[in-house]
Amino acid sequence: MNKNRQIVKERGQTMVEFAMMLVVSALIAGSLLLLFGMLSEYGWRILTCLAWEHF
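Residues numbered from 1 in each chain as written. Predicted model: local features only at pLDDT ≥ 70, side-chain atom pairs only at ≥ 80, totals over all residues. Heavy atoms only, no water.

A.B. asks: Go over the overall build of the protein with me, naming the residues and quoting the values.
C.D. replies: A tally of helices and strands in the protein yields 2 helices and 0 strands. Taken over 55 residues, the protein has a buried fraction of 0%. Approximately 5,700 Å² of the protein is accessible, and the part contributed by carbon and sulfur atoms is 71%. (Helix = DSSP H or I, 4+ residues; strand = E, 2+ residues; numbered from the N terminus. Buried < 20%, exposed > 50% of the residue type's maximum accessible area, 1.4 Å probe, protein only. Areas by Shrake-Rupley, 256 points an atom, 1.4 Å probe, with all protein chains shown as cover.)

A.B. asks: Requested: an account of a nonpolar patch on the surface, with residues and values cited.
C.D. replies: Where nonpolar side chains cluster on the molecular surface, the patch consists of Val24, Ile28, Leu32, Leu34, Leu35, Met38, Leu39 and Tyr42 and spans about 790 Å² of accessible area. Along the chain, the position of Ile28 falls in helix 1 (residues 2–39). Assessed through its relative accessible area of 47%, Ile28 is described here as partly exposed. (Patch = residues over 30% accessible without salt bridge, like charges linked within 9 Å, V, L, I, M, F, W, Y side chains within 5 Å. Salt bridge = Lys/Arg side-chain N within 4 Å of Asp/Glu carboxyl O.)

Honestly, it's all geometry; don't read function into it.
Structure follows, in structure tokens:
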């Protein structure tokens, strides 16, 4: 009986860790998409700065 409780406890811990991993991955992906959306308007400026020949 005690062994069954330990197995259930380990399954629960695995599910919690998996859920936390999914949440963190979703937050990282969301923040990257937000940054991409905010900075996509300034892409021409970045390209102009990179393409500027100073000599």
